[in-house]
Amino acid sequence: MSNHLTHILQEWLKRKTSHEWALGVVANTEGPVYRKTGAIMLLSDRGDQLGMLSGGCLEGDILLHAQRAILKNESTRVIYDANEKGGLAWRLGIGCGGKAEIVIHPCNSANHFLELEQLHQTLSAQRPATYSLNLEHAEATISASSHASSGNSLNTTEIFNHNNSQWLRIDAQPRPHLVISGAGVDMQPIAALAAQLGWKVTLVDSRQANARQRHFPSADNVFCCPIDELPQDTLAHCDALIIANHNLNMDAQALKAAQLSSARYIGLLGPAARREKIFALAEIKESDSKAIAGPMGLALGNDLPESIALSVLAECHAVLFGSSGQPLSNHYWN
């Protein structure tokens with residue numbers, strides 16, 4: 001299971017009535033920490049842990065606090081400060097040097113399960129949602145996101161005051177939607193890795209020998225049809241499109257479809273010379289086209305399908321989440 005909020009909630013729903021639950025959220029951070037404000041985790045009285053609020057170093061202690069919150073039906077707030085000598089984080093041996101404030105609420109029918117069912121329904125429908133959580137009392141609200149058209153795959157957060165209480169607003173985003181045009185064997189690692197990241201994965205290929213669900217067991221949908229015959233909202237609600245049919249005419253058709261899509265990353269398989277042929281067949285000038293990554297991927301080395309999948313999705317991930325794709329050490333030491 002991925003740690004995307006949609007998947008966490010989906011797994012929680014399966015066990016919702018068989019256990020007692022608490023919700024943990026990162027309410028505030030200072031300095032270097034593994035998870036940022038807005039990270040959510042669900043914990044049960046029987047020891048279930050869905051999601052992560054740290055790199056694994058705090059979860060055991062968070063579970064103990066969650067089980068107490070469930071038993072007493074009371075909210076609690078815990079601060080882990082790695083700079084506080086003798087404090088809990090220091091005793092746990094955490095060396096990141098940061099500070100994290102965790103709020104834990106009982107999550108039960110009395111507080112409408114903190115509106116998590118509705119949040120799951122909204123995200124599962126690939127719609128963003130504004131989830132507001134009271135940081136002092138176990139209550140929450142959900143509404144349509146004001147960032148629905150921002151094109152940002154990151155959850156954004158804000159602390160605000162309402163009715164004499166402090167609240168955390170999370171503009172929660174649905175899973176990034178990747179459409180792959182071309183269902184050859186080389187796309188299997190890309191589809192599998194994208195699914196492991198928690199992304200929604202759709203494959204389309206008009207060749208019956210390729211477009212088979214059993215070849216892509218982790219994909220959400222596999223369509224056997226030309227790309228321009230996909231269900232109407234598929235390309236209108238996708239974040240990324242990979243074109244890899246190994247066929248010039250089919251790739252040209254996909255390139256045309258890409259121009260009308262909502263994709264913020266469009267990757268094209270093959271060298272620069274092939275790219276020029278595809279643009280010519282599609283009768284599209286590169287100057288008039290959406291930005292195309294072609295050849296797609298980062299220069300990571302190796303030509304194994306798994307390595308290519310890592311290369312392509314690393315580039316795609318950086319675009320969708322607004323990052324440079326540069327080494328993190330550049331940010332810390334230079």
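Residues numbered from 1 in each chain as written. Predicted model: local features only at pLDDT ≥ 70, side-chain atom pairs only at ≥ 80, totals over all residues. Heavy atoms only, no water.

**Some points on the pairing of strand β14 (residues 265-268)**
Of the two faces of β14, the one lined by Y265 and G267 and the one lined by I266 and L268 are each fully buried. Bridge analysis of strand β13 (residues 240-243) against β14 gives four bridges, and the strand direction is parallel. Paired with L241 across the two strands is I266, which belongs to β14. Between the parallel pair β13 and β14, the chain is carried across by helix α6 (residues 248-259), and the sense of this crossover is right-handed. (Buried < 20%, exposed > 50% of the residue type's maximum accessible area, 1.4 Å probe, protein only. Helix = DSSP H or I, 4+ residues; strand = E, 2+ residues; numbered from the N terminus. Pairing = 2+ DSSP bridges. Right-handed = clockwise from strand over helix to strand, strands pointing away.)

**Regarding the environment of T156**
Along the chain, T156 falls in strand β8 (residues 156-162). Along the sequence, T156 and A172 sit 16 residues apart, while their C-alpha atoms lie 7.1 Å from each other.

**Some points on the UniProt feature "domain: XdhC Rossmann" (unreviewed entry) in the chain**
The UniProt record annotates "domain: XdhC Rossmann" (unreviewed entry) at residues 178-316. The annotated region residues 178-316 carries 32% helix and 14% strand content, and the separation between its end C-alpha atoms amounts to 10 Å. (UniProt positions renumbered as here; feature names shortened; annotations may be inferred.)

**Quick look at the packing of aromatic side chains**
Two aromatic rings, taken as a pair, are described by how far apart their centres are and by the angle between their planes. Tallied over the full model, the rule gives two aromatic pairs. Both rings, one in F160 and one in W167, keep their centres 6.3 Å apart while their planes meet at 25 degrees; by these two values the pair is stacked. Across the pair, W167 and F160 agree in class, each one buried. The ring of F113 has K16 sitting right over it, with the charged end atom 4.5 Å from the ring centre. (Phe/Tyr/Trp six-rings, centres within 6.5 Å; stacked < 30°, edge-to-face > 60°. Lys NZ or Arg CZ within 6 Å of the ring centre and 35° of its normal.)

**Some details on the UniProt feature "domain: XdhC- CoxI" (unreviewed entry) in the chain**
Under the local residue numbering, the UniProt record ascribes the feature "domain: XdhC- CoxI" (unreviewed entry) to residues 18-81. For residues 18-81, helix accounts for 22% and strand for 36%, while the C-alpha atoms at its two ends are 34 Å apart.

**Some thoughts on the pairing of strand β11 (residues 200-204)**
With five of its five residues buried, β11 lies for the most part within the structure. Side chains K200, T202 and V204 project from β11 onto one buried face, and the interleaved V201 and L203 project onto a second face that is buried too. With five bridges connecting them, strand β10 (residues 177-181) and β11 associate as parallel partners. Considered in β11, the bridge of H177 is made with K200. Where the polypeptide runs from β10 across helix α5 (residues 188-196) and back to β11, its parallel neighbour, the crossover connection is right-handed. One ladder, built from three bridges, connects β11 with strand β12 (residues 221-223); its direction is parallel. In the sheet register, T202 faces β12, and the bridge partner there is N221.

**Comments concerning the nonpolar core**
Of all hydrophobic cores here, the largest spans 27 residues; its most connected members are W12, L23, L42, L116, L119 and Y131. Broken down by secondary-structure element, the contributors of at least two residues to this core are α1 (5-15), β1 (21-30), β2 (40-44), β5 (99-107), α4 (116-124), β6 (129-134), β7 (140-144) and β9 (165-172). If we ignore the near neighbours within four places in the chain, the residues touching L119 are L5, L9, A129, Y131, I142 and A172. Counting residues in each nonpolar core, the second largest holds 26 residues, with I180, A191, F216 and Y265 among its members. (Core = buried A, V, L, I, M, F, W, Y, C linked by side-chain atoms within 4.5 Å. Contact = heavy atoms within 4.5 Å.)

**Digging into the sheet that holds β6**
Taken in spatial order, the four strands make up an open sheet running β7-β6-β9-β8, and their pairing is antiparallel. On the outer flanks of this sheet lie β7 and β8, each paired with one strand and no other. Ignoring which end each strand starts from, the neighbouring axes of this sheet average 20 degrees apart. One ladder, built from five bridges, connects β6 with β7; its direction is antiparallel. Counted as the bridge partner of A129 is A144 from β7. Against the sheet, α4 makes contact with β6, β7 and β9, and its axis sits at roughly 160 degrees relative to β6, the strand it touches most. (Axes fitted to C-alpha atoms, helices over the stretch in contact; angles between N-to-C directions.)

**Concerning a nonpolar patch on the surface**
On the surface, a cluster of nonpolar side chains totalling about 250 Å² of accessible area is made up of L298, L300 and L310. Examined against the element boundaries, L310 turns out to sit in helix α8 (residues 305-320). (Patch = residues over 30% accessible without salt bridge, like charges linked within 9 Å, V, L, I, M, F, W, Y side chains within 5 Å. Areas by Shrake-Rupley, 256 points an atom, 1.4 Å probe, with all protein chains shown as cover. Salt bridge = Lys/Arg side-chain N within 4 Å of Asp/Glu carboxyl O.)

**Observations concerning α6**
Compared with an ideal rise of 1.5 Å per residue, which puts 12 residues at 16 Å, α6 spans 17 Å between its outermost C-alpha atoms and is within 8% of the ideal. All buried positions along α6 are accounted for by M250, D251, A252, A254, L255, A257 and A258. On its buried side, α6 packs onto β10, β13, β14 and α7 (272-282). By the N-cap criterion, in which a side-chain oxygen at the helix start approaches the backbone nitrogen of a residue two or three places on, α6 is capped by N247, the distance to N249 being 3.1 Å. (Expected span 1.5 Å × (residues − 1). Polar contact = N/O pair within 3.5 Å; in protein donor to acceptor, adjacent residues only side chain to side chain.)

**So, the packing of α1 against α4**
Relative orientation and spacing of two packed helices are given, respectively, by the angle between their axes and the distance between those axes. Contact geometry for α1 and α4: axes closest at 9 Å, N-to-C directions at 130 degrees. When the axes of α1 and α4 are compared, the pair comes out oblique. Where α1 crosses over α4, the two elements pack in a sense that is left-handed. Across the interface between the two elements, L5, T6, L9, Q10, W12 and L13 of α1 pack against L116, E117, L119, H120, L123 and S124 of α4. Considering only residue class, the contact of α1 with α4 consists of seven nonpolar, four polar and one charged. (Parallel < 35°, antiparallel > 145°, perpendicular 65-115°, else oblique. Left-handed = near helix turned anticlockwise from the far one by under 90°. Nonpolar A, V, L, I, M, F, W, Y, C, P; charged D, E, K, R; others polar.)

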